[in-house]
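Residue strings, one per chain:
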Amino acid sequence: MKRLIAVALLTALPVAAATDTQLARLENIAEHMNDAMFNAMIRMVEKEGGNPAPLREAVPDGSWDAEYREAGSCMLDKYVEASSSAAVNKMLDDMEAFIPKLAEIDLETFEADQDFLPEGISEEYSMKVNSDCGMTDLMMERMESSGFMAAMMQAMAGE
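This one's a predicted model, so the numbers in the text were calculated from it and none came from an experiment. (Residues numbered from 1 in each chain as written. Predicted model: local features only at pLDDT ≥ 70, side-chain atom pairs only at ≥ 80, totals over all residues. Heavy atoms only, no water.)

(A) Expanded view of the nonpolar core. Formed by 41 residues in total, the largest nonpolar core has its most connected members in Met-33, Leu-55, Trp-64, Tyr-79, Met-135 and Phe-148. For this core, the element with the highest residue contribution is helix H2 (residues 20-47), accounting for 11 residues. (Core = buried A, V, L, I, M, F, W, Y, C linked by side-chain atoms within 4.5 Å. Buried < 20%, exposed > 50% of the residue type's maximum accessible area, 1.4 Å probe, protein only. Helix = DSSP H or I, 4+ residues; strand = E, 2+ residues; numbered from the N terminus.)

Structure below.
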């Protein structure tokens, strides 16, 4: 379960920058990656013989609202501050190039291919930024309120 949460957090981690264009890019990327992550989790449960239906019914809405945009803007600011605007742009470019590969990706590949962080940004720092900016809480709230977290726990317990 910790690994799934880490994947969820890493999916949210995307990016840094100060302009509206970069924020719009981050929003688009994060929405695509979140959808792919949830689909990968469902395929994993199905592959292991579990019932994917409760998970499919509980997938949280991945669209960004004002709270997500505020958290994303905070993340971008912190990434640029710790790295550079050019490094963040490269990260966004790499992430956008990765989107077409998301359709059939499994969790192991998804996690292995999550090395998009700008130069000078560690995974630990990224997770701290996600938390400090509120992205972690927003994602967890959506997974909890949609019932996805409970459905995943049941699926992992073999129910």
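(B) A look at the pattern of salt bridges. Applying the stated criterion across every chain, the model contains seven salt bridges. Here Asp-94 makes a salt bridge to Lys-90, at a shortest N to O gap of 2.8 Å. Of this pair, Asp-94 and Lys-90 both sit in helix H5 (residues 85-98), four residues apart, which is roughly one turn of that helix. Classification of Asp-94 by relative accessible area gives partly exposed; the value is 33%. Beyond isolated ion pairs, a larger network of salt bridges with shared partners links Arg-25, Asp-93 and Glu-96. (Salt bridge = Lys/Arg side-chain N within 4 Å of Asp/Glu carboxyl O.)

(C) A look at a negative patch on the surface. On the surface, Glu-67, Glu-70, Asp-137 and Glu-141 cluster together into a patch of negative charge. Relative to the assigned elements, Glu-141 resides in helix H8 (residues 135-146). For Glu-141, a relative accessible area of 49% puts it in the partly exposed group. (Patch = residues over 30% accessible without salt bridge, like charges linked within 9 Å, V, L, I, M, F, W, Y side chains within 5 Å. Areas by Shrake-Rupley, 256 points an atom, 1.4 Å probe, with all protein chains shown as cover. Lys, Arg positive; Asp, Glu negative; His and termini not counted. Charge placed at Lys NZ, Arg CZ, Asp CG, Glu CD.)

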